[in-house]
Structure formats: C-alpha cells, structure tokens
Amino acid sequence: MRVTFFVVGKTKSAHWDALAHDYGERIRRFVPGSIQVVREAEPALAANPELARAREAKHLLAALPASAYVVLLDVAGEVVSSEALAEKMRKWRDTGVRDLCFVTGGHWGVTEAVRQRADWRWSLSKLTFTHEMARVLAAEQVYRALARLANVPYAK
Ligand SMILES: C[S@@+](CC[C@H](N)C(=O)[O-])C[C@H]1O[C@@H](n2cnc3c(N)ncnc32)[C@H](O)[C@@H]1O
C-alpha cells in the first residue's frame, strides 16, 4: 500500500517543513510514501476565498489518482483514537487498497466537490489548525499507526 499526502502549496515555515519531512522519512520505513504539492491559489484571490477554494479544488481533484482511497483531513470529519486509525489502516491494507491518499486543504479549506471525493473524512480534533500544522499531525499519526501495525516500538 502506497501512502501519499496531497497538500495545497509548499510549507512556508521551515520548522513545520522539517517535521513533515521527518515523518515522511519514518513512514517510508514501512511503505512507499510521498508528498504531492498542488498549486495554491494566487495571493490576489485572498479577497475571494470561494474562488480561491474552487481553484485549489480543481488542482486537487485533477491530481488524485482515480482509483485512490481518499482520506480528507476535515475538522467536521470523524474523530478517532490512534488505535482506531491503525485498525482502519490495517483494514485498508488487507482489503487491497493500493493508493491511500491523505488530503489536507489549503488556507481556505476545501470545496464540497473535494468532500464528495473523499472516502473518509478524518478530524484530528474539534480545533482548527493551520494547514501546515494539520499536515504534520496527520503524518505523525500515520507513522504511529504503521509502527503499530508492524509491531515495532514508536521511534522517538
Ligand atoms: C486552516 S484549515 C481551513 C479552515 C477553513 N476555514 C475550513 O473551514 O475548512 C486548513 C486545512 O487544514 C486541515 N485541518 C485543520 N484543522 C483540522 C482538524 N482539526 N482536523 C482535520 N483537518 C484539519 C483541513 O484539511 C483544512 O482544510
């Protein structure tokens, strides 16, 4: 099972970028994994978040492989424990999911069309994080789940 994180725009903070890459490396100890950056809306669209979201959604939807199982990071999604996430990943792996894609929205979030494309909507908490933080938190939890499934201790 390949794991890909789809994100909107490059991570601008060097700290969050370093963490995202660290967890990416750790994830690759267990499965092939990568980060796919899709184009973020031009700064000129900041005054029109709806249009900005729509632009970014177009890029996201075009980038997602047709056969991928899509997990959307969404505040309004389902909150689960780390153990329950690991069980979900076990089920996806054992039922033949080949392309597992985690999608984090951009600064303005995502459109309804992106929500519709998701097979599961995952909420990290009822709190809203920046997209740069949400990417890292999701990657850490995915790494934690993979370590659990491989029955190896969580490497600090
Ligand atoms: C700043 S948030 C977008 C906020 C936007 N106003 C909204 O309502 O979606 C950017 C992205 O980070 C992710 N995100 C932020 N907090 C999250 C949470 N608690 N659970 C899951 N994803 C979260 C989502 O993918 C979201 O699209």
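This structure is a prediction, so every number in the text was calculated from the model and none was measured.

This brings us to the nonpolar core. The nonpolar side chains of a soluble globular protein tend to be buried, and buried together. In this structure, Phe5, Ile27, Met89, Leu100, Phe102, Trp122 and Val142 are the most contacted members of the largest nonpolar core, which totals 25 residues. Those elements giving two or more residues to this core turn out to be β1 (2-8), α1 (14-27), β3 (69-79), α3 (82-94), β4 (99-104), β5 (120-123) and α5 (131-149). Counting residues per element, this core draws most heavily on α5, at eight residues. Residues contacting valine 142, with those up to four places away along its chain left out, are Val3, Phe5, Ile27, Leu85, Met89, Phe102 and Trp122. With 14 residues, the next largest nonpolar core counts Val8, Val103, Val114 and Ala118 among its residues.

What follows deals with unusual backbone geometry. One non-glycine residue, asparagine 151, adopts positive backbone phi at about 60°. The topology assignment puts asparagine 151 in the segment after α5.

Inspection of the region around the ligand gives 17 residues, with Leu73, Gly105, Leu124, Leu127 and Phe129 positioned closest. Between the ligand and leucine 73 there is a distance of 2.6 Å, counted from an oxygen atom to a backbone nitrogen or oxygen. Backbone polar atom of aspartate 74 to a nitrogen atom of the ligand: 3.4 Å apart, as the coordinates give it. In this structure, the ligand is accommodated by the largest pocket. Only β3, β5 and α5 provide two or more residues apiece to the shell around the ligand. A total of three residues in the shell around the ligand trace back to one element, the largest contributor, which is β3. The class makeup of the residues in the shell around the ligand is seven nonpolar, nine polar and one charged.

The subject of this paragraph is the sheet that holds β1. Strand order across the open sheet formed by five strands is β2-β1-β4-β3-β5, with parallel pairing between neighbours. Two strands lie at the open edges of the sheet, namely β2 (33-38) and β5, each paired on one side alone. When strand polarity is set aside, the average angle formed by the axes of neighbouring strands in this sheet is 30°. As defined by bridge partners, β3 adjoins β5 across five bridges and the pair is classed as parallel. Note on β5: the bridge partner recorded for valine 79 is serine 123.

Following the sequence through the fold, arginine 135 ends up in helix α5. Here arginine 135 occupies a buried position and makes no salt bridge, while the nearest side chain of opposite charge, glutamate 132, is found at 5.2 Å. A polar side-chain atom of arginine 135 sits 2.8 Å from the main-chain carbonyl oxygen of valine 8. Here glycine 9 takes part through its backbone oxygen, which lies 2.9 Å from a polar atom of the side chain of arginine 135. Once you skip the residues sitting within four places of it in the chain, arginine 135 turns out to touch Val7, Val8, Gly9, Lys10, Thr11 and Thr104.

Our focus in this paragraph is the pairing of β1. A regular strand places its side chains on the two faces of the sheet in alternate fashion. Among the seven residues of β1, six are classified as buried, and the element is accordingly described as predominantly covered. Strand direction decides the pairing type here: β1 and β4, joined by five bridges, are parallel. Residue pairing in the sheet places arginine 2 in a bridge with aspartate 99 of β4. Relative to β2, β1 is paired through six bridges, and the arrangement is parallel. Looking across to β2, one finds that phenylalanine 5 is bridged to isoleucine 35. Handedness of the β-α-β unit built from β1, α1 and β2 comes out right-handed.

Calculation criteria
Residues numbered from 1 in each chain as written. Predicted model: local features only at pLDDT ≥ 70, side-chain atom pairs only at ≥ 80, totals over all residues. Heavy atoms only, no water. Core = buried A, V, L, I, M, F, W, Y, C linked by side-chain atoms within 4.5 Å. Buried < 20%, exposed > 50% of the residue type's maximum accessible area, 1.4 Å probe, protein only. Helix = DSSP H or I, 4+ residues; strand = E, 2+ residues; numbered from the N terminus. Contact = heavy atoms within 4.5 Å. Near = heavy atom within 4 Å. Polar contact = N/O pair within 3.5 Å; in protein donor to acceptor, adjacent residues only side chain to side chain. 1 Å grid on protein atoms, 1.4 Å probe; cavity = no way out; pocket = protein on both sides within 12 Å on 5 of 7 lines; lining within 4 Å. Sits in = over half its atoms within 2 Å of the grid points. Nonpolar A, V, L, I, M, F, W, Y, C, P; charged D, E, K, R; others polar. Pairing = 2+ DSSP bridges. Axes fitted to C-alpha atoms, helices over the stretch in contact; angles between N-to-C directions. Lys, Arg positive; Asp, Glu negative; His and termini not counted. Salt bridge = Lys/Arg side-chain N within 4 Å of Asp/Glu carboxyl O. Right-handed = clockwise from strand over helix to strand, strands pointing away.

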